[in-house]
Amino acid sequence: MGTENDLDVEGQTEPPICGLTRPASASSSHPPSASPTLAGTVVTDDSTVPAFDAETAHTLPVSAVGILLNTDVSNGLDPGEIAGRLQHHGPNKVEGAKGLSLWTILLRQVSNSLTLVLVITMVLSFAINDLIEGGVIIAVIVFNIVVGFLQDYRAEKTIQALYALSAPTCKVVRGGRDENIKAENLVPGDIVRLAVGDVVPADLRLAQSINLSTDEALLTGESLPVSKHAEVLLKAKDVPLGDRINMVYSASTITRGRATGIVVSTGMSTEVGKIAMLLRSGRRDSGAEEQRGLRRVVTKVQNGFRVVLGLDGTPLQVTLSKFALLLFGLAILLAIIVFSASRWKVSDEVLIYGICVAVAVIPESLIAVLTIATALGTRAMARGNVIIRRLAALEAVGGVTNICSDKTGTLTQGKMVAKRVWLADGTSVTVRNTTHPFDPASGTVLVNDQVYAEESKGEKGSPLRHFLETIALCNNSIVAGGETHTAVGEPTEIALHILAMRFGMGKAALLGSSDRHLLSEFPFDSSCKRMTVVYAKGKGNGAHAYTKGAVEALLPLMDVTDDQKVAIVAEADTLAAEGLRVLCVARKPVEAALFTSPPPVEGEISIEKTASRADAESNLSFVGLVGLYDPPRLESAAAVKKCQDAGITVHMLTGDHVKTATAIAREIGILPATASRGDIMVASEFDVLTNAEIDAMTRLPLVLARCSPTTKVRVVEAMHRRKAFCVMTGDGVNDSPALKKSDVGIAMGLNGSDVAKEAADMVLTDDNFASIVTAIEEGRRLFDNIQKFLLHLLVSNIAQVILLLIGLVFKDNAGVSVFPLSPLEILWANLVTSSFLALGLGLEDAQPDVMQRPPHDVSVGIFTRELIVDKFVYGTAMGGLCLAAFASVAYGMGGPDGLGHSCNEDFNPTCVVSFRARATTFATLTFLLLVTAWEAKHFTRSLFNMHPEKWRGPFSVFRTVWQNRFLFGAVSAGFVIAFPVVYIPVVNRTVFKHGAIGWEWGVVAACTVVYVVIVEAWKAVKRRYGLGARAKVVGVEV
């Protein structure tokens, strides 16, 4: 089929990854042609029939591959064989995420310690016949489960929607006839036809090809299309995937030319499938599979307990489960204290009081509030074009310190634009302000610094007209106009085609306005780095060869003087220094008789010609140079600046040329004006450094060019050694290891592979860097809000514990402790008053300074020192004031009966004072909780000057409290509802066990004012001495 050839291809823009190779076979000889067989089928004589190995397909002639797969390269498989092969090999699809399991989702909701504590409390409540309290707790548990289940189910459904077949249909030859079939029905041995724009449906050994290039970025990371050649025969089996130029692989895209190939692997046997299988198997607990007998049973039991207790989940879920276990232990300790105070004479009243104290320490509504806040955060992320695959990422993304981003398609638009032209006569063409790379009318065209006019093209024979003709005709891209402006082909050729169309000289216009026809085509080849076409005009012998390619490739072929060569090289260097990819354009007249046109037969691949490539590409006339670039997204610069303001360092890890990467990095602000040499590195330089040398660097490079997957993994490891918390973006299969290694892996939703999406924690639906920044901002907002409602809930619990423990000293005439709060009052405060206030805090907008402060320390988690100190300061103040309220009424009001007797169970005439004192304490606690909700909006700023960026003056507090309408409504409702709870007959004395009050409202008001003063004074101290995390400035870059 072809001649053997030592690997002689152009170096990749980044080192490709190698395939997953099997051990070498014992024999390296080609299999005999006798007894052909399909790989994997049962044969009767293994000694005479060799098994086909897809790993060696690139080393075999096409005829040998056809024999081994028992297929006819011209006519394809017999239709009768398809069913058997499909049954044996299975559908041609890569396994994605596992299907939904409703049972698993439900189990997640009940598998946490806080729910377990609530269940125990519910059982105890029913055991002492406290049906109201038990019923309320049941309602809380059911509500938590339902809300969590709905949220997780919606998230899982969203993720499943991300998985779609890369190539839903394909064109095959079966029984000598062309058919369009579903890609999943392909089998090894099928003959597949490929054309521009097709997604390769399986791994193929090319049988025929012409001018073929494929985009293998999803598999190898190669940023530019790779030229493919069916006739090449490679010697070595372990050739890297990116250099197997006689093979095309599943999920790659045809960017130029057409071809026919033999399917050698399908489904999970393809290179993409192998990586997906490796990722899936890597998640399994291999240690557990190796265990046997009793040890395996013990391990399963331990894992089961971890799941039930909620110790197997996201970091926040594990932290809260541990916190719940701590609270459970504290509740038991407090109950023991209560029983000890009664000298272990546990009557019904003492038992109820002990349970009452235990209930007070548990934030019953925490799960529901956290679930709702997380669900709303997930939806907000989705509106910002970010799909959360793992909740751990949602919790952690706010603590990101470094972002490692790809350039193409993420920081840039992923579409090439012809920006600068330099012609042989010195004419310059510049394209500015382009907003749509596929729209020829987008932007402004300047010719010699003058806005382009139609007459600028000049008369026939002018350099500009020659240049436009060459880039339009030496081009295989297809550009469609209309409202959407779509294009198919290589990005470079699309950009050149668009440039020609800006002057009204697109390929269709040139071919339609004259009798031009193609005589011959010499496709781009990686070894010569150029492409040439020959077109004839009219019926005469006049024809022209049009050539484009790398400057170094065309310079020796052009008929130019040494001085002209120096000028061309100097201008090319100038364009390259601006970050542009430079191409040289040349042409010459030729004799049409020396070239023949391509045969018109449909499906014919080879082009026969009487003239050689050397005839068409010798003594060329220089026409000009063109510089192309991938323009940054309009929002990238602002997003990078926002990251830097937030203490986040942005790194560009790209497979492109270092000059291109540097120019883009400077344009969008990744590289500062004071950037040092160490801030810009080529991956080959970075890869040779030892870990010690990398760790000794002042900071890691901001720009890494020609990056390989291994380089990305090393960068992540280096960041981890510096205690940094990093985001890594990726779209290709080869990016999966780095995505998994990073703290938060983010895959591209539009152009990313399914394997990358499965390895990632988040998926961008618009492939936009600005969406990452949006996710970080939302993550910080969610982290802040979780801390806010945790503060509010825990302050309430601490205050109640202090109140109830010290309240043991309040005894009635019989020496029995009087409850400062009844059990239902505690549940009302925790479930009704606090829950809606906490939910309102969970809905808070991002604070104005959320992206002006450093990232929070992820290793510390949600319970920061600031949160712990604040909750004890506020809780102690609240508990002390509630004690003061109870004591002021109980002993200030006085009376012959004192605190009465048996006032913990029902009202009797001796309980007037204790019921009024209890009502005063309940009202005080309620009002302090309402005020705390507004004070918790910011941990350091005063409630009366919380948004100085927006509002100032004595009335700014009203705008502050009105900003969050839900929270304002919750506070207002809590204020209003407090009165009927205190005054409605039966409800007050029978249900809540307190009575109506009058002058005691003055005590409530006084306690509220004192509490506000204490909180504001504490915030002032924090601001003065910089005690709060939000008072710190942005730190040092990593």
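Going by the structure above, here's the rest.
To start, this report covers the structure provided alongside it. The residue count restarts for each chain, going from 1 along the sequence in the order it is written. The predicted nature of this model means local features are confined to residues of pLDDT at least 70 and side-chain atom pairs, given and counted, to a pLDDT of 80 or more, with totals for whole chains, interfaces and linings taken over all residues. Think of the side-chain values as coming from all heavy atoms in the structure, minus any hydrogens and water.

Helix and strand assignments come from DSSP, with helices taken as H or I runs of at least 4 residues and strands as E runs of at least 2, each series counted from the N terminus. Within the protein, the regular secondary structure consists of 35 helices and 28 strands. Throughout this description, buried means an accessible area under 20% of the type-specific maximum (1.4 Å probe, protein chains only), exposed means over 50%, and partly exposed covers the range between. Burial status across the protein gives 55% buried among its 1038 residues. Contacts are residue-level and defined by heavy atoms, with any inter-residue pair within 4.5 Å sufficient. Partitioning the contacts of the protein with sequence separation of at least 6, the portion at a separation of at least 24 is 72%.

Right, let's talk about the side chain of Thr-412 for a bit. Tracing the chain through its elements places Thr-412 in the loop between helix H14 (407-411) and strand S12 (417-423). Taking the relative accessible area as the measure of exposure, Thr-412 reaches 0% and is therefore buried. Throughout this description, a polar contact denotes any pair of N or O atoms lying within 3.5 Å of each other; where both atoms belong to protein, one of them has to be capable of donating a hydrogen while the other can accept it, and for residues adjacent in sequence the pair is counted only when both atoms sit in side chains. One polar contact links Thr-412 to Asp-630, side chain to side chain, over a distance of 2.5 Å.

A word on the environment of Ile-67. Relative to the helices and strands, Ile-67 resides in helix H1 (residues 62-68). Sequence separation between Ile-67 and Gly-189 is 122 residues, and the spatial gap between their C-alpha atoms is 9.5 Å.

On to a nonpolar patch on the surface. Together, Phe-126, Leu-131, Ile-138, Val-142, Val-146 and Leu-150 make up a nonpolar patch on the protein surface, roughly 480 Å² of accessible area in all. For the nonpolar patch, the element with the most residues is helix H5 (residues 131-162), which contributes 5 residues. For patch detection, residues must exceed 30% relative accessible area and be free of salt bridges, and they are connected within 9 Å for like charges or within 5 Å for nonpolar side chains (Val, Leu, Ile, Met, Phe, Trp, Tyr). Per-residue accessibility takes into account occlusion by the displayed protein chains alone, with areas from the Shrake-Rupley method and a 1.4 Å probe. What makes a salt bridge here is a side-chain nitrogen of Lys or Arg within 4 Å of a carboxyl oxygen of Asp or Glu, nothing more.

Glancing now at the sheet that holds strand S27 (residues 744-748). Within the open sheet, the 8 strands sit side by side as S10-S28-S27-S26-S11-S23-S25-S24. Their pairing is mixed. The open sheet has two edge strands, strand S10 (386-388) and strand S24 (680-682), and neither has a second partner. Direction aside, neighbouring strands of the sheet carry axes that sit 20 degrees apart on average. A pair of strands is treated as paired once DSSP finds two or more bridges between them. Alignment of strand S11 (residues 402-405) against strand S23 (residues 649-653), held across 4 bridges, turns out to be parallel. For every element, the axis is a line fit to its C-alpha atoms; helices are fit only across the contacting stretch, and the angle between N-to-C directions ranges from 0 to 180 degrees.

Attention now moves to the nonpolar core. Looking at soluble globular proteins, one finds that nonpolar side chains tend to be buried together. In terms of nonpolar packing, the biggest core is built from 167 residues, with Leu-625, Met-762, Phe-769, Phe-789 and Tyr-1011 touching the most fellow members. It is helix H28 (residues 769-806) that contributes the most residues to this core, 19 residues altogether. Listed in part, the 32 residues of the second largest apolar core include Val-421, Leu-423, Leu-496 and Val-626. Throughout, nonpolar core names a set of buried Ala, Val, Leu, Ile, Met, Phe, Trp, Tyr and Cys residues whose side chains join them through atoms within 4.5 Å.

In this section: the environment of Leu-943. For Leu-943, the location among the structural elements is in the loop between helix H31 (912-935) and helix H32 (956-963). Residues Leu-943 and Val-931, 12 residues apart in the sequence, show an inter-C-alpha distance of 9.9 Å.

Here the focus is the state of the cysteines. Note on terminology: pairs of cysteine sulfur atoms within 2.5 Å are recorded as disulfides. This model, assessed by the stated rule, comprises 1 disulfide. Two residues share a disulfide in this structure: Cys-903 and Cys-911, whose sulfurs sit 2.0 Å from each other. Its torsion about the S-S bond being -95 degrees, the disulfide of Cys-903 and Cys-911 is classed as left-handed. Both residues of the pair, Cys-903 and Cys-911, belong to the buried class.

On to the pattern of salt bridges. Any two side chains of opposite charge can pair, so long as their charged atoms come close to each other. The final tally for this structure, using the stated rule, is 30 salt bridges. Of the charged contacts, one joins Arg-174 and Asp-190 as a salt bridge, the two residues approaching to 2.7 Å between their closest N and O atoms. Separated by 16 residues along the polypeptide, Arg-174 in strand S2 (residues 169-174) and Asp-190 in the loop between strand S3 (177-182) and strand S4 (191-194) bring together distant segments of the chain. Residue Arg-174 is classed as buried on the basis of its relative accessible area, which comes to 8%. For Lys-1022, the salt bridge identified is with Glu-866, shortest N-O distance 2.9 Å. Pair noted here: Lys-1022 is in helix H35 (residues 1000-1025) and Glu-866 is in helix H30 (residues 865-892), with a separation of 156 residues, a long-range link.

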